[in-house]
Amino acid sequence: MFSKAYRLKSSAALKGSEAKKLRARLELAFPHISVENLVPAKSNVTHLKILTHGGVPSIVYCVDKQPKFFELDGGQLVPTLYTLWSTPEILPYFTTHEGVLPKLTNGADLMLPGVVPLGVGLSMYGHFKKGQLVGINLTNNSSAVAVGQLARASDELYMCGGHGVAVKILHLFGDKLWAHEPSLLQQIPMVKTKPLMTDDFPALGASDHQRKTPKAEQSDHTDVPQAVTKDAVPTNGLEYSTAALSLKEDSEVDANRETPPSDEPTQETLLKNAFLAALKNNGKKLQLPLLTSNFYRLYVVPEAAGQIDLKKTRYKKLSNFLGEMVDQGFLVVREETKGIDKIISVDLEHPELVNFITDVKKSDCSGGAAETPLFHSELKEMYIVSDVTAAFFTKLNYKRGEGIPVGQVKKIVREYVSKHGLVNPQTKLVKPDEVLQELYGNREASLSEITSIITSKMEHSYQMCSGKDTSGKPQIQMSLATRSGNKKVTLVSNIEAYGIIMAELIKLCKQGAAASTTIVKLPHQKHEQLQVQGNQVRFIYTLLTETYKVPPKCILGLELAKDGKKKKK
């Protein structure tokens with residue numbers, strides 16, 4: 001429904017009476033959810049009238065600029081993904097496999113073969129009517145990735161024999177409604193599904209008293225029968241003695257809890273970890289020589305897990321701490337003048353630095369979402385570095401919690417194996433070192449087998465990324481042409497290959513160059529050209545390299561730019 005761009009017809013803030021009517025409708029549609037959780041009383045509610053790409057009119061309700069609900073043709077209110085992430089219990093869920101999500105992103109509905117059944121028999125698809133709103137989540141993540149309507153009732157889905165459409169997709173992660181407000185974009189929250197326990201599979205023929213509620217169990221302990229048989233005496237004695245033992249253990253645990261050990265790191269630990277994280281994350285970016293004061297202020301302090309007070313450490317001064325780091329071989333510091341020290345070189349291959357594990361910060365994940373998007377987004381399949389695999393990936397400068405594309409994992413494993421010379425020349429298999437032994441044991445294995453073992457220990461996820469990759473793409477060509485009246489225009493080709501949103505680029509050209517800008521379709525060609533009035537070669541070159549971060553080597557035609565010097569008469 002929102003896979004392609006929609007047209008905004010009007011936008012207006014709801015009055016107090018209209019907001020009350022909306023809350024009343026939500027209370028009728030979702031009686032099991034508190035309306036205050038859906039639309040807070042003091043929030044700003046906006047009413048958007050839109051026209052979808054298919055020509056279907058709809059209404060979107062935004063709460064504090066974030067789309068929360070939209071209407072169908074019959075006036076039915078449908079919660080968006082942002083509502084499902086904040087209030088997961090608002091809808092029932094259908095679960096699918098993670099490999100189905102790219103198919104849904106391409107515009108497909110959820111088919112019955114992709115649905116994970118809830119059980120067996122008629123209840124395997126629940127007890128829902130046709131048109132029931134449902135959320136769709138993945139087997140490895142209980143957060144919703146889509147919202148849709150059931151194509152058939154639950155009993156009809158069972159009678160279909162595993163064929164046909166199960167859920168008609170209305171709203172999906174990554175569509176235009178999800179990206180309505182660029183400053184409030186969110187990725188899918190990672191909520192792991194609860195693993196099945198042995199209690200979920202009771203033995204066949206188990207009695208019902210094993211499934212009693214805690215209240216029933218308490219009443220059984222308090223009501224002591226007056227007449228007890230001889231066979232039951234030892235059993236009751238065992239129960240009461242166990243209860244007394246558990247009470248003693250609880251009292252001992254409470255006594256231990258009164259004096260919990262302090263797990264807070266010391267100031268020295270904070271300083272050392274921040275120093276190692278600064279070198280790990282920014283070591284290759286440091287412009288040496290660098291003042292030690294600037295290094296501490298710009299790189300060490302932002303990496304600290306808490307506030308660092310040098311006076312509370314045993315070093316008392318920054319120079320004393322850096323002197324110890326110099327003795328340990330992390331860096332080389334030279335005194336240029338009295339009181340002014342500069343870092344000359346850094347040893348990024350230091351064993352302690354190589355084995356140090358850093359975490360991905362939330363600010364790194366957000367990636368500047370508050371700015372207007374300049375590139376088209378694409379859904380990428382990722383593997384997340386877990387605690388088990390962190391020791392392996394940190395040696396190649398990857399952080400714990402960092403996402404790695406699926407096709408990149410095998411390249412990383414191959415790079416690690418070749419760097420440490422682990423290939424057996426006779427068997428052509430990989431002989432594991434200490435790090436790989438912790439992952440799959442002390443045996444030789446092929447590169448593909450090692451990759452599959454490592455990926456099985458990582459978390460599988462998806463991420464919406466912008467297409468800024470320039471590898472294997474044609475160069476952007478700028479040229480000049482003459483139109484009617486001897487007017488010059490600037491033509492730019494191959495821009496769409498870099499994932500640049502043309503509408504936003506036209507807007508920036510109109511504002512920056514103050515010139516008419518249009519899209520020209522070339523005859524007998526699929527590609528389009530950007531046409532800007534006048535000789536705007538230098539402006540477009542600056543816009544592409546500075547704003548869009550396109551490498552200068554990917555742009556041709558800069559020699560056509562005018563000098564900017566006026567000739568004297």
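Residues numbered from 1 in each chain as written. Predicted model: local features only at pLDDT ≥ 70, side-chain atom pairs only at ≥ 80, totals over all residues. Heavy atoms only, no water.

Enquirer: Please provide a residue-by-residue account of unusual backbone geometry, values included.
Expert: At the junction of Leu288 and Pro289, the peptide bond is cis and its omega measures out at -5° in the coordinates. Along the chain, the position of Pro289 falls in the loop between helix H8 (267–282) and strand E12 (290–291). With phi around 75°, Lys65 is a residue other than glycine that occupies positive phi space. Along the polypeptide, Lys65 turns up in the loop between strand E3 (57–63) and strand E4 (66–71). (Helix = DSSP H or I, 4+ residues; strand = E, 2+ residues; numbered from the N terminus.)

Enquirer: Quick one: what's the story with the sheet that holds strand E19 (residues 487–493), residue by residue and with numbers?
Expert: The strands making up a sheet associate through hydrogen bonds between their backbones, and the pairing can be parallel or antiparallel. Pairing is mixed in the open sheet, where five strands are placed in the order E20-E21-E19-E18-E22. With one partner strand each, in any of the chains shown, strand E20 (517–521) and strand E22 (555–556) form the two edges of the open sheet. Sheet analysis places E20 next to strand E21 (residues 528–533), joined by five bridges and oriented antiparallel. Each residue of the ladder has a partner; that of Thr517, found in E21, is Val532. Of the strands in this sheet, E20 and E21 touch helix H17 (residues 502–513), which is tilted by about 135° from E20. (Pairing = 2+ DSSP bridges. Contact = heavy atoms within 4.5 Å. Axes fitted to C-alpha atoms, helices over the stretch in contact; angles between N-to-C directions.)

Enquirer: I'd like a rundown of the packing of aromatic side chains, residues and numbers included.
Expert: Enumeration over the complete set of coordinates arrives at 15 aromatic pairs. Each ring, one from Tyr82 and one from Trp85, has its centre 5.6 Å from the other, and the planes form 80°; the classification is edge-to-face. With a gap of three residues between them, Tyr82 and Trp85 both fall in helix H3 (residues 81–86), about one helical turn apart. When its relative accessible area of 3% is taken as the criterion, Tyr82 is described as buried. Relative accessible area serves as the criterion here: at 13%, Trp85 is assigned to the buried category. Ring centres of Phe275 and Phe321 lie 5.5 Å apart, and the angle between their planes is 90°; on these two criteria the pair is classed as edge-to-face. In this pair, Phe275 sits in helix H8 while Phe321 sits in helix H10 (residues 318–327), placing the two residues 46 residues apart along the sequence. (Phe/Tyr/Trp six-rings, centres within 6.5 Å; stacked < 30°, edge-to-face > 60°. Buried < 20%, exposed > 50% of the residue type's maximum accessible area, 1.4 Å probe, protein only.)

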